[in-house]
Every structure is written in C-alpha cells, then in structure tokens.
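Summary of the model geometry
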Amino acid sequence: PQLYVSEDDGQTFSWRATIAADPEQRYALAEPALFRSANGRLWALLRSFRDDDATLLCGSDDDGFTWTEPQVTSLIGHPVDPIPLADGRVLLVYGYRHPPYGLRARLWDGVSAHLDGDELVIRDDGRSSDLGYPWGVQLSDGRVLVAYYFHDDEGVRLIEGSILELD
C-alpha cells in the first residue's frame, strides 16, 4: 500500500511513501485504514491476504514519510474502519468472513500496537463471506452507527446499519 497526500483539498495528490512492503512475499496487503492517535502517531491497519485473514498494523511518527515494520495482530477480519470515540478510545469495525459470517468490532486504545481487546459480534447472520466494508460514526448521544454492505435471504446486496451502545 502506498500513501498519497493532498495539500489542496483533494485537487491534486503526490506520493509520500510506501506504507508497507513485503519483499519476501509472505503475504499481500491492501485497503489501508489510517488513524491519527492523540499522541500524533499515524497508524495504518492493513488488510492481508494471509490464510488466516489477520489484520496487520504499522505506525509512522513523521506524518507517513517512514513506517514501522507491519505487525500481524490477533484481529481477524477486513477491511477495518477505525472510529474515534469521544472518550479517546477507538472502535475498530470489520467484516468477519469466516463462519459464522458477519460484522465484528473491537475497542482499541488508539495508542498501543496491541489490538487484543475483547471482540464484539455485531451480527453473525451473513449468508456468505460476501459482506463487510463497514463505516461508522459516533452519534451525539454516545451510541455508534455502523453502516456496512450485507445481503438478505435472497442474496440481494444491501447497505444496512447497526446502532451500538458501548460501555
């Protein structure tokens, strides 16, 4: 995955850096989700094409010019959307493409390189692995709205949503 930046509100983009490379071709990486933590670190959560579907994580302390070596995490699913919460935590939402198929989430402190928190099953009634791509936002009352791509019992693809109440 590559990082491009815009200095003119998206009119033009210039290449900044390779976020993660795998010269040994141990896995393929795609669909980076970026998040800037309170301490200024830029994080990239990366979809992998490993057999186990593990998400990889790397960080940059210089606005994306250089990146740490990507680390395999215990988070299984993709792609990940990091949702900043008012209390400083980050809700990571992602498609889970193994039986039972569905959407899952995990709370993260947004600072450490450990994504080992408890997993929350948002739903597990997917018909197949053809689902996911969540996007979320915290509402003014503190709940979180997560929209995602799903399908009904007839296989019709839909955009659906779930509202989460977090502790």
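Here the structure is shown first, and the text comes after it.
Overview of the structure. Worth saying up front: this structure is predicted, and the values here are computed from it rather than measured.

Position of Arg-41 relative to the elements: it lies in the loop between strand S3 (29-36) and strand S4 (42-48). Classification of Arg-41 by relative accessible area gives buried; the value is 18%. Only 2.9 Å separates the side chain of Arg-41 from the side chain of Asp-61, close enough to count as a polar contact. In this structure, Arg-41 is in contact with Phe-35, Arg-36, Gly-59, Ser-60, Asp-61 and Thr-68, ignoring residues within four places of it in sequence.

Geometrically, the link from His-78 to Pro-79 is a cis peptide bond, its omega value of -25° lying close to zero. The omega angle of the peptide bond from Pro-99 to Pro-100 is -10°, so this bond is cis rather than trans. Relative to the helices and strands, Pro-100 is located in the loop between strand S8 (90-96) and strand S9 (102-108). Of note, the phi angle at Asp-53 is positive, near 65°, even though the residue is not glycine. Even without glycine at this site, Tyr-133 takes up a positive phi of about 50°. For Tyr-133, the location among the structural elements is in strand S11 (residues 132-138).

In space, the 3 strands of this open sheet follow the order S11-S12-S13, with antiparallel pairing throughout. Two strands lie at the open edges of the sheet, namely S11 and strand S13 (157-164), each paired on one side alone. Across the sheet, the mean angle from the axis of one strand to that of its neighbour is 20°, orientation sign disregarded. Both strand S12 (residues 144-151) and S13 contribute to a ladder of 8 bridges, which runs antiparallel. Opposite Phe-150, over in S13, you have Leu-158 as the bridge partner.

This next bit is on the packing of aromatic side chains. As enumerated under the stated definition, the model contains 3 aromatic pairs in all. When the centroid spacing of 5.6 Å and the interplanar angle of 75° are considered together, the rings of Trp-43 and Trp-108 count as edge-to-face. You can see Trp-43 sitting in strand S4 and its partner Trp-108 sitting in strand S9, a full 65 residues away along the chain. The exposure class of Trp-108 is buried, given its relative accessible area of 3%. Each member of the aromatic cluster is reached from another via a ring pair, and the members are Phe-35, Trp-43 and Trp-108. Above the ring of Trp-43, the side-chain terminus of Arg-41 is found at 4.9 Å from the ring centroid. The ring of Phe-150 has Arg-123 sitting right over it, with the charged end atom 3.7 Å from the ring centre.

Glancing now at a nonpolar patch on the surface. Residues Tyr-4, Phe-13 and Trp-15 make up a contiguous nonpolar surface patch of roughly 390 Å² in combined accessible area. By secondary structure assignment, the location of Trp-15 is in strand S2 (residues 14-18).

What counts and how
Residues numbered from 1 in each chain as written. Predicted model: local features only at pLDDT ≥ 70, side-chain atom pairs only at ≥ 80, totals over all residues. Heavy atoms only, no water. Helix = DSSP H or I, 4+ residues; strand = E, 2+ residues; numbered from the N terminus. Buried < 20%, exposed > 50% of the residue type's maximum accessible area, 1.4 Å probe, protein only. Polar contact = N/O pair within 3.5 Å; in protein donor to acceptor, adjacent residues only side chain to side chain. Contact = heavy atoms within 4.5 Å. Pairing = 2+ DSSP bridges. Axes fitted to C-alpha atoms, helices over the stretch in contact; angles between N-to-C directions. Phe/Tyr/Trp six-rings, centres within 6.5 Å; stacked < 30°, edge-to-face > 60°. Lys NZ or Arg CZ within 6 Å of the ring centre and 35° of its normal. Patch = residues over 30% accessible without salt bridge, like charges linked within 9 Å, V, L, I, M, F, W, Y side chains within 5 Å. Areas by Shrake-Rupley, 256 points an atom, 1.4 Å probe, with all protein chains shown as cover. Salt bridge = Lys/Arg side-chain N within 4 Å of Asp/Glu carboxyl O.

Read these as spatial facts, not as claims about activity.
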